Amino acid sequence: MDNLISKKDLLESANISYGQLYRWKRKNLIPENWFIRKSTFTGQETFFPKEDILQRIEKIKNLKDDLSLDELADMFSPSPTITSLSAEELTKRNIVSYTALEMWNIHNGSTSTFSFDQLLTLYLLDTLLQTGEMNRSEGIELLHILQQHSNEIKGKESELFFIRKMGVSFFILTPEPAKLFVESQTKIIAHYKLNQCIEELKLKIS
Amino acid sequence: MEKTKQRNISISGSGTAAGGEYDQVKVNGSAHINSDIQCEVFKCNGSAHIEGNIKTGTAKVNGSSHIEGNMEAEEMTINGSTDIDGSLTCSEVKIQGSSNIKGDLKGKEIIVRGSASIKGNVSGDEVDVKGQVKVGGDCEAESFYARGNFKINGLLNAGNIDIELLRLCEAKEIGGENITVKRNIDSSGFKKFIKFFIGQQTDQLTAEVIEGDHVSLEYTHAKVVRGNTIEIGPGCVIDRIEFKQSLELDENAKVGAQEKI
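The structure displayed is predicted, hence computed values, not measured ones.

Counting residues at the interface gives 17 residues for chain A and 27 residues for chain B. For the pairing of chain A and chain B, the buried interface totals around 1,800 Å² over both sides, and the portion due to carbon and sulfur atoms is 40%. The largest share of the area that chain A buries against chain B comes from Y18, Y22 and R26 of chain A, three residues that together contribute 40% of it. Summed over the shared surface of chain A and chain B, the number is 6 salt bridges. Taken together, the links from chain A to chain B amount to 11 residue pairs in polar contact (both at pLDDT 80 or more). Going through the elements one at a time, α1 (7-14), α2 (18-26) and β3 (43-49) of chain A are the ones with two or more residues in the side of chain A that touches chain B. Partitioning the side of chain A that touches chain B into residue classes produces 3 nonpolar, 4 polar and 10 charged.

Here it is, written out as structure tokens:
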């Protein structure tokens, strides 16, 4: 129960009204499966995953003056808004670093336009490289796994884990949210929710 | 199928046609269409049976039609009866007779003047019901306006909800900005006339949870009502009320617990 928040508490801590919450739900700004129904002593109540919903509502409140609700819905949906972007534009607009692009080119050959799936892969590679936690050869492994499974993770709540134990590192890609327990010496270096990465990427592109 | 030369089909009497792309499809007797069909105008004055999907600009059904697949249309009027085994997607749909949809109903303007039964979800900008509606799933709209009888098994979620009750109305949950529920005040003899046939049933809304910014209720039975400003009118039986700003209670309402948050 500690990672869930009741609707009543949510409205209070986020300072929004029932009407707003229902409107956002209607506009698909809040995914259906975040509404978790549980019975309590006062009857049935709705709960939400606390971190996700608070983050989402914060984003909606920040962006709703600049974007229409429909545009916001596009941003939050796991399906792409744009179809492709040129390599030149990517570096010029500072969406990904030149290093990441270079690695991509070495691995896949020179690419001039990127589809949204490719962009996401590139963006993840860049983000992990930027953290300084991942070296170049691990980056190649990341490209491998993301490209190999790009169809299976599409439009789902996929998550990416980057794990290292005693100098040996590997990636885990799950198409659904998963809980992982690891040995004591093992370190989860990075844990990304791909939907959130997609949102960030869409924000950067638009 | 060549796109440049669009053909029409007109079936008067009884006939069978293959699917494909057409400009106009008119049925004046009974028709059987074997596969998917795409056209600009679909008009059925008799009975039509389509063994596939249909995509059309405008559709008018004055008789009866049965579609085994999905239906997509810009504008659709049903004056007779229509059964759709799949989903119906239509910007403007007007159901004046009766219709059964086994999938979802999606549209901008959904007007029901007869009876409609939808097994899936309903979503639209405007849902306007004078008659009877049954929804198996959720119903979402910017404005939901009902003068009549409805049963929604899931959540009724709309910006403005305006309900005039007739007989037993039911929704599992209701949520929105403005929610108004009133008893139908019909001065003409029409209601008495109906009641003569269907028996004396009280007008009442039953819901488990009603949540909104401004909630005004009459003759409503609910477990929980939550909102900013709440008005509880006559005939209400409510187990628990949670309100933020104001609560007005009618003396003929039965309310269990009430709490200001």
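From this point, the narrative continues.
With that settled, the discussion passes to the layout of surface pockets. Residues and elements named next belong to chain A. Its volume calculated, the largest pocket comes out at about 840 Å³. Looking at the lining of the largest pocket residue by residue, the class counts come to 15 nonpolar, 10 polar and 12 charged. Both domains that furnish three or more residues to the lining of the largest pocket are identified here as domain 1 (4-76) and domain 2 (84-205). If you add up the space inside the second largest pocket, you get close to 440 Å³.

This part is about the environment of F35 of chain A. Residue and element names in this part refer to chain A. Along the chain, F35 turns up in the loop between α2 and β2 (36-40). For the pair F35 and S6, spaced 29 residues apart in sequence, the C-alpha to C-alpha distance is 9.8 Å. The residues contacting F35, other than those within four sequence positions of it, are K25, I30, T46, F47 and F48.

This part is about the packing of helix α6 (residues 98-108) of chain A against helix α8 (residues 136-148) of chain A. Residue and element names in this part refer to chain A. At a closest axis distance of 11 Å, the pairing of α6 and α8 adopts a crossing angle of 65°. Crossing geometry of α6 relative to α8 is assigned as right-handed. Residues T99, M103, W104, I106, H107 and N108 of α6 pack against R136, G139, I140, L143, H144 and Q147 of α8. Its residues placed into classes, the contact of α6 with α8 shows 5 nonpolar, 6 polar and 1 charged.

Residues and elements named next belong to chain A. Scanning all chains against the criterion turns up 20 salt bridges over all chains. Where E199 meets R56, a salt bridge forms, and the shortest distance between an N and an O atom there is 2.8 Å. Of this pair, E199 sits in helix α9 (residues 194-205) while R56 sits in helix α3 (residues 50-63); the two residues are 143 residues apart in sequence, bridging distant segments of the chain. Judged by its relative accessible area of 3%, E199 is buried. A relative accessible area of 9% places R56 in the buried class.

The rules behind these values
- Residues numbered from 1 in each chain as written.
- Chains lettered and ligands numbered in written order.
- Predicted model: local features only at pLDDT ≥ 70, side-chain atom pairs only at ≥ 80, totals over all residues.
- Heavy atoms only, no water.
- Contact = heavy atoms within 4.5 Å.
- Buried area = accessible area lost by both parts, 1.4 Å probe.
- Salt bridge = Lys/Arg side-chain N within 4 Å of Asp/Glu carboxyl O.
- Polar contact = N/O pair within 3.5 Å; in protein donor to acceptor, adjacent residues only side chain to side chain.
- Helix = DSSP H or I, 4+ residues; strand = E, 2+ residues; numbered from the N terminus.
- Nonpolar A, V, L, I, M, F, W, Y, C, P; charged D, E, K, R; others polar.
- 1 Å grid on protein atoms, 1.4 Å probe; cavity = no way out; pocket = protein on both sides within 12 Å on 5 of 7 lines; lining within 4 Å.
- Points joined across faces, edges and corners; volume = space filled by probe spheres on them.
- Domains from an automatic or database assignment.
- Axes fitted to C-alpha atoms, helices over the stretch in contact; angles between N-to-C directions.
- Left-handed = near helix turned anticlockwise from the far one by under 90°.
- Buried < 20%, exposed > 50% of the residue type's maximum accessible area, 1.4 Å probe, protein only.

Nothing here speaks to function; it is geometry throughout.
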